[in-house]
Amino acid sequence: RQEQYRQLKDTPAVTLDGQAISILVNAGLLVDLPHVAEAGAAGIGLFRTELQFMVAETLPRIREQQLLYRSVLDAAGSLPVTFRSLDVGGDKVLPYLRSTQEENPALGWRAIRMALDRPALLRTQIRGLLHAAAGREMRLMFPMITEVNEFDRARDLVDRERRHLERHGHAVPDKILLGAMVEVPSLLWQLEELVARVDFLSVGSNDLMQFLFAIDRTNSQLAERFDPLSPGPMRALRRIVEAAEEGGVPVTLCGELAGDPLSAMALLGIGYRSISMAPAAVGPVKAMVLSLDLGALESWLRPELHKPHTGLRKELSAYAQSHGV
Ligand code: PEP
Ligand code: MG
């Protein structure tokens, strides 16, 4: 099997009926980079910048951040890389940063919330990234956006830093694309406003499912209890694609769901065309894509979503079996 997947490395991810699917990888450290090329992915859909901060003993300086970002861009070559701004706080504690004790850290002062309250950290990171991506395309997204104005404020910070560098005669990126992660359910009711502002969206299904179901994503006792492949969450995921299409904004899904072939099939069936996953999942997901008649799946799945049934996962897996996916 592994060998079979390796052979697919250079095969484009196109379904039986000719739909091109963008299969991207999630990464976060330099050691991940060789896997991007080995996996035969179309780019990095999520680069978790907090990993550099989490493995460090002291706050990484701008120079170190910049070096990492430049190495990532160099390694990716012409393939796109989407960086995510620091997603720390809450349970991802940095020992060298003062933190407050919180009752519910996952719902706490974390990610963009912390970044906007204490912008020095985010501004440094943005400046490092602007330097690293000088002369190329820079893609950056913000985690845990809960209200659209948080995205506006983050965009302002980027604009301010870019203008600052330009004023001082530094080279800046040729193009800057800014996106929001959709992982807090409140955004589901602000999608129109959101797509009017962003250059792209990325669905963080790990957190989105955690918050939709109100289950701690790290609690193994609850892990099997609620199924993302059931009508409620699938309708929510479908709604995001629809809004993105209406707004003409590209959307990727970068949570663990994307790396499971059956779930990935379901995601394609509800309209996703770009998914980002752990490098080891690329082979199995690409094999699924190559054996899929997407038009047929869509015709079957779309009406299923509107039925009030409780066995969607079973139906999906029976569909995959009977259609040789
Ligand atoms: C997610 O929430 O789905 C996601 C991709 O980000 P993380 O797992 O790093 O929270
Ligand atoms: Mg997340």
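Residues numbered from 1 in each chain as written. Chains lettered and ligands numbered in written order. Predicted model: local features only at pLDDT ≥ 70, side-chain atom pairs only at ≥ 80, totals over all residues.

Per an unreviewed UniProt entry, the protein goes by the name phosphoenolpyruvate--protein phosphotransferase and belongs to Microbaculum marinum.

Chemist: What's the story with the overall build of the protein in this structure? I'm lost.
Modeler: A tally of helices and strands in the protein yields 14 helices and eight strands. Compactness check: the protein gives a C-alpha radius of gyration of 20 Å against a globular reference of 20 Å for 325 residues, within 12% of the reference. Its C-alpha atoms give the protein principal-axis dimensions of roughly 60 × 45 × 35 Å. With 325 residues in all, the protein has 40% of them scored as buried. Sequence separation of 24 or more characterises 70% of the internal contacts of the protein that already satisfy a separation of 6 or more. (Helix = DSSP H or I, 4+ residues; strand = E, 2+ residues; numbered from the N terminus. Rg over C-alpha atoms; globule rule 2.2 N^0.38 Å. Buried ≥ 20, exposed ≤ 12 C-beta atoms within 10 Å, placed from the backbone. Contact = placed C-beta atoms within 7 Å.)

Chemist: Looking at this structure, I do not really get the environment of Gly 18. What am I missing?
Modeler: Its place among the elements puts Gly 18 in the loop between helix 1 (2–7) and strand 1 (22–27). For the pair Gly 18 and Leu 294, spaced 276 residues apart in sequence, the C-alpha separation works out to 8.6 Å.

Chemist: Just to check I follow, could you spell out the pairing of strand 1 for this structure?
Modeler: Every regular strand shows the same layout, with side chains that alternate between the two sheet faces. In terms of burial, strand 1 is a largely internal element, five of the six residues being buried. As paired strands, strand 1 and strand 2 (residues 44–48) are joined by three bridges and run parallel to one another. Its bridge partner being in strand 2, Val 25 is matched across the sheet by Ile 44. This β-α-β element, strand 1 to helix 2 (residues 33–39) to strand 2, shows right-handed connectivity. (Pairing = 2+ DSSP bridges. Right-handed = clockwise from strand over helix to strand, strands pointing away.)

Chemist: What am I meant to see in unusual backbone geometry here?
Modeler: Excluding glycine, a negative phi dihedral is what most residues carry, and trans is how most peptide bonds are arranged. Even without being glycine, Ala 111 reaches a positive phi, approximately 50°. According to the C-beta neighbour criterion, Ala 111 is buried, with 27 such atoms within 10 Å. For Ala 214, which is not glycine, the phi torsion reads 55° and is therefore positive. Within the secondary structure, Ala 214 sits in the loop between helix 9 (205–213) and helix 10 (231–247). Accessibility expressed as a C-beta count within 10 Å gives 9 for Ala 214, which makes it exposed.

Chemist: Which parts of the structure should I look at to understand the site of ligand 1?
Modeler: The environment of ligand 1 is made up of Leu 46, Arg 48, Asp 87, Glu 183, Gly 204, Ser 205, Asn 206, Asp 207, Cys 254 and Gly 255. Listing elements by their share of the shell around ligand 1, those giving two or more residues are strand 2 and helix 9. Considering each element in turn, the shell around ligand 1 owes the most residues, three residues, to helix 9. Taken together, the residues that form the shell around ligand 1 break down as two nonpolar, four polar and four charged. (Near = placed C-beta within 6 Å. Nonpolar A, V, L, I, M, F, W, Y, C, P; charged D, E, K, R; others polar.)

Chemist: For this particular structure, what's the right way to read the confidence of the model for the protein?
Modeler: Low-pLDDT portions of the prediction should not be read for the details of their coordinates. On average, residues of the protein score 95 in pLDDT, and 100% of them are at 70 or above. Model confidence for the complex: the whole-complex pTM is 0.97, and ipTM, which rates the interface, is 0.99. (pLDDT = per-residue confidence, 0-100.)

Chemist: Would you mind going over the environment of Ala 20 with me for this structure?
Modeler: Along the polypeptide, Ala 20 turns up in the loop between helix 1 and strand 1. Under the C-beta neighbour-count criterion, Ala 20 is labelled partly exposed, with 13 such atoms within 10 Å. Separated by 270 residues in sequence, Ala 20 and Leu 290 place their C-alpha atoms 9.8 Å apart.

Chemist: When you look at helix 4 (residues 62–76) in this model, what are you seeing that I'm missing?
Modeler: Helical periodicity: at 3.6 residues per turn, an α-helix aligns residues three or four positions apart in one direction. For helix 4, spanning 15 residues, the distance from its first C-alpha to its last is 21 Å, which sits close to the expected 21 Å at 1.5 Å a residue. Along helix 4, the residues classified as buried are Gln 65, Gln 66, Leu 68, Tyr 69, Val 72 and Leu 73. Mapping the buried residues of helix 4 onto a view down its axis gives an arc of 160°, with all of them on the same face. In helix 4, the exposed positions angled more than 90 degrees off the buried face are occupied by Arg 63 and Asp 74. (Expected span 1.5 Å × (residues − 1). Arc of directions from axis to C-beta.)

Chemist: Explain the packing of helix 11 (residues 261–269) against helix 12 (residues 282–290) to me, please; I cannot follow it from the model alone.
Modeler: Any two packed helices are characterised by the angle at which their axes cross and by the distance between the axes. Running from amino to carboxyl end, helix 11 crosses helix 12 at an angle of 50°, the nearest separation of the two axes being 9 Å. When the axes of helix 11 and helix 12 are compared, the pair comes out oblique. Pair helix 11 / helix 12 crosses with right-handed handedness. Two secondary-structure elements touch here, helix 11 through Pro 261, Ala 264 and Met 265 and helix 12 through Pro 284, Val 285 and Met 288. When grouped by side-chain class, the residues that make up the contact of helix 11 with helix 12 number six nonpolar, no polar and no charged. (Axes fitted to C-alpha atoms, helices over the stretch in contact; angles between N-to-C directions. Parallel < 35°, antiparallel > 145°, perpendicular 65-115°, else oblique. Left-handed = near helix turned anticlockwise from the far one by under 90°.)

Chemist: Please clarify how the packing of helix 11 against helix 13 (residues 294–305) should be interpreted in this entry.
Modeler: Across the interface, helix 11 lies against helix 13 with an axial gap of 9 Å and an inter-helix angle of 80°. Compared by their axis directions, helix 11 and helix 13 come out roughly perpendicular. Contact residues: Met 265, Leu 268 and Gly 269 in helix 11; Leu 294, Leu 297, Glu 298 and Leu 301 in helix 13. Considering only residue class, the contact of helix 11 with helix 13 consists of five nonpolar, one polar and one charged.

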